[in-house]
Amino acid sequence: MNRLRIYNATIVTPRGNSALAGSDMANVERLPGSEVVVEDGIITHVGPSRGDLGSGTDIDARGRVVMPGIVDSHTHLVFGGWRPEEFGWRLRGDSYMSIMNRGGGIVNTMKATRAATRDELTHKTLALLRRMAAMGVTTVEGKSGYGLDLDTELLQLQVMADINAMPENPVDIAATFLGAHAVPPEWAGNPDGYIDFIISEVLPQVKNRNLAHSCDIFCEKGVFTVEQSRRLLTAARDIGFSLKIHADEIVTTGGAELSAELGALSADHLLHASDEGIDAMARAGVVATLLPLTAFTLREPYARARRMIDSGCAVALATDLNPGSCCSGSIPLTFALACIYMNMSVEEAITAMTLNGAAAIGRAGMIGSIEPGKQGDMVILDADTPDFLPYFTGMNIAAVTIRAGRVVYDATGDSIYLNS
Ligand code: NIG
Ligand code: FE
């Protein structure tokens, strides 16, 4: 048996097998002087120390917090090329949509992704995953959506499956099919035709090969309408996909309301979600996934996290890492923006990046909290209180990352806090 024991820890964790909503999001336990034992990847004990178990790895976490591994539940992490020139145009005043409308944006990355090989995509993605593990991420959601044709959409998803099968992979990937990310040049002027193509030609192949758990769409003015989104997502749901939706990011379209109507796992972005949409999501139990790094880099107003939590929504926080609107996977900065600008408490932000992130990808029964029966995914912080997460603004305080009881990142030698 493979055993890992972390002792002398201050365990900080939400509890449960589903998203915490509204005021429950603040229910994060702090258990000083505790230990956690992981056997063959699964947590078997959380509580007072039972002493040396004789075999396996022991980690002394004296003076440190141990919290659930971070679940980054919204990223676009498999792509070819980069778009630094578009970032420069935005700095000089161009809007994200104006760049997209003149052929840049997602279609720009589509060209680079279609030109990339399976090997190139795999190595680039693995390099990104190692950066994520260094920030305490143990599970990441990854979307397709830069192929926009049958072969390249399948390739993006296959790359994620390949990486999940590699023993050296530090972060588990939950794949989402986002074929409806933009209208590709082949279907210019015919978004309905493209949606028909996805429903009849691509979705069934993704399903048959078991390459994605969820189906997503970019529901936005000038991209796909609410009606087109309803059509695709209903077809996806009918063949067994869970649903996610990029909703109300640039303007208010009613995407939040649609997510509630369809019983989606999550609606994401929501910078311009209406009051009715927020209330409908709360009633339907849709996780509101907020992406403050995108608002920050696009100079848009932050999503109304307080309004959502106070209305009884379950909020998740994720990075939206992608080569365009938000070329950042920074967990520390996400934490800081959520607490400083979205008025979330440290406890709410922890729940949002662990248990609620897990719920947003349908895995809250398996990961997202430190409890017996869950997978042993944890991060040890270089601090004795989680209050350092936003206080060390934009600075990484992950000391050790553990996935399924295996150390995948270790920077304990570089402690600032314990050496001070
Ligand atoms: O979540 N909004 C749509 N999709 C991404 C951006 C993708 C890109 O610009 O390449 C997002 O922000
Ligand atoms: Fe996104």
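This write-up is about the structure you can find in this document. Only a predicted model underlies this, so the values are computations on that prediction, with no experimental measurement involved.

Reference geometry at the metal: tetrahedral coordination by four donors gives ideal angles of 109.5 degrees; octahedral coordination by six donors gives 90 or 180 degrees. Coordination of the iron ion (ligand 2) by the protein is provided by His74 (NE2), His76 (NE2), His246 (NE2) and Asp320 (OD), with metal-donor distances spanning 2.0 to 2.4 Å. The sequence motif formed by the donor residues of the iron ion (ligand 2) is H-x1-H-x169-H-x73-D. One end of the pair, His74, is in the loop between strand 6 (70–72) and helix 1 (84–91); the other, His246, is in strand 10 (residues 242–247), and 172 residues separate them in sequence. Pair check on accessibility: His74 and His246 agree, each one buried.

In terms of strand pairing, strand 15 (residues 398–403) meets strand 16 (residues 406–410) through four bridges, oriented antiparallel. Bridged to Val400 within strand 16 is Asp410. Once strand 15 ends, the chain turns through two residues before running back antiparallel as strand 16, passing Ala404 with a positive phi of about 50°.

To continue, consider the pattern of salt bridges. The full count for this structure, using the stated rule, is 25 salt bridges. With its nearest N and O atoms 2.7 Å apart, the salt bridge here joins Arg230 to Glu227. In this pair, Arg230 and Glu227 are both assigned in helix 7 (residues 226–238), three residues apart and thus about one turn of the helix distant. On the basis of relative accessibility, which here comes to 26%, the residue Arg230 falls in the partly exposed class. Between Arg304 and Asp275 there is a salt bridge, with the nearest N and O atoms lying 2.9 Å from each other.

Contacts to ligand 1 come from 15 residues, most closely from Arg83, Tyr96, Tyr146, His181 and Ser325. Separating an oxygen atom of ligand 1 from a side-chain N or O atom of His76 is a distance of 3.3 Å. Arg83 has a polar side-chain atom sitting 2.7 Å from an oxygen atom of ligand 1. Here ligand 1 is seated within the second largest cavity. Classifying every residue of the shell around ligand 1 by side-chain character gives four nonpolar, eight polar and three charged.

Moving on, we come to empty space enclosed by the protein. Under the counting rule described, the total for this entry stands at two cavities of 30 Å³ or more. Met135, Ile331, Leu381, Leu389 and Ile397 are, among the 14 residues lining the largest cavity, the residues nearest its centre. Every element with two or more residues in the lining of the largest cavity is listed here: helix 12 (331–340) and strand 14 (378–381). Residues of the lining of the largest cavity, tallied by class, amount to 12 nonpolar, two polar and no charged. Taken as a whole, the second largest cavity spans an internal volume of roughly 100 Å³. Residue lining of the second largest cavity: 14 residues in total, with His76, Tyr96, His181, Asn322 and Ser325 positioned closest to the centre. Residues that form the lining of the second largest cavity fall into these classes: four nonpolar, seven polar and three charged.

Rules of the game
Residue positions are given per chain, counted from 1 along the sequence in the order it is written. Each chain gets a letter, beginning with A, and each ligand a number, beginning with 1, in the order they are written. Reporting of local features is limited, given that this is a predicted model, to residues whose pLDDT is at least 70; pairs of side-chain atoms are given and counted only at 80 or more, and all residues count toward the totals for whole chains, interfaces and linings. Note that the side-chain values use all heavy atoms of the structure and ignore hydrogens as well as water. Sites may look incomplete, because water is not among the atoms used; the donor set itself consists of N, O and S atoms within 2.8 Å of the metal (3.2 Å for Na, K and Ca). Numbering of helices and strands starts at the N terminus; helices are DSSP runs of H or I of at least 4 residues and strands are runs of E of at least 2. Per-residue accessibility, obtained with a 1.4 Å probe over protein chains only, is compared with the maximum for each type, and a residue is labelled buried under 20%, exposed over 50%, and partly exposed between these values. Two strands make a pair as long as DSSP finds a minimum of two bridges between them. Within this document, salt bridges are pairs made up of a side-chain nitrogen of Lys or Arg and a carboxyl oxygen of Asp or Glu, the two lying within 4 Å of each other. Throughout, the term near means that a residue has one or more heavy atoms lying within 4 Å of the molecule or strand in question. Under this definition, polar contacts are N or O atom pairs within 3.5 Å; protein pairs additionally need one hydrogen-donor-capable and one acceptor-capable atom, and for neighbouring residues in sequence, both atoms have to be side-chain atoms. Every definition here rests on a 1 Å grid over the protein atoms only: cavities are sets of points where a 1.4 Å probe fits but cannot get out, pockets are open sets enclosed by protein on both sides within 12 Å along at least five of seven lines, and lining residues have some atom within 4 Å of a point. For a molecule to be placed in a cavity or pocket, more than half of its atoms must lie within 2 Å of the grid points of that cavity or pocket. Think of it as three bins: nonpolar holds Ala, Val, Leu, Ile, Met, Phe, Trp, Tyr, Cys and Pro, charged holds Asp, Glu, Lys and Arg, and polar takes everything else, Gly as well. Grid points are joined across faces, edges and corners, and a volume is the space filled by probe spheres set on the points.

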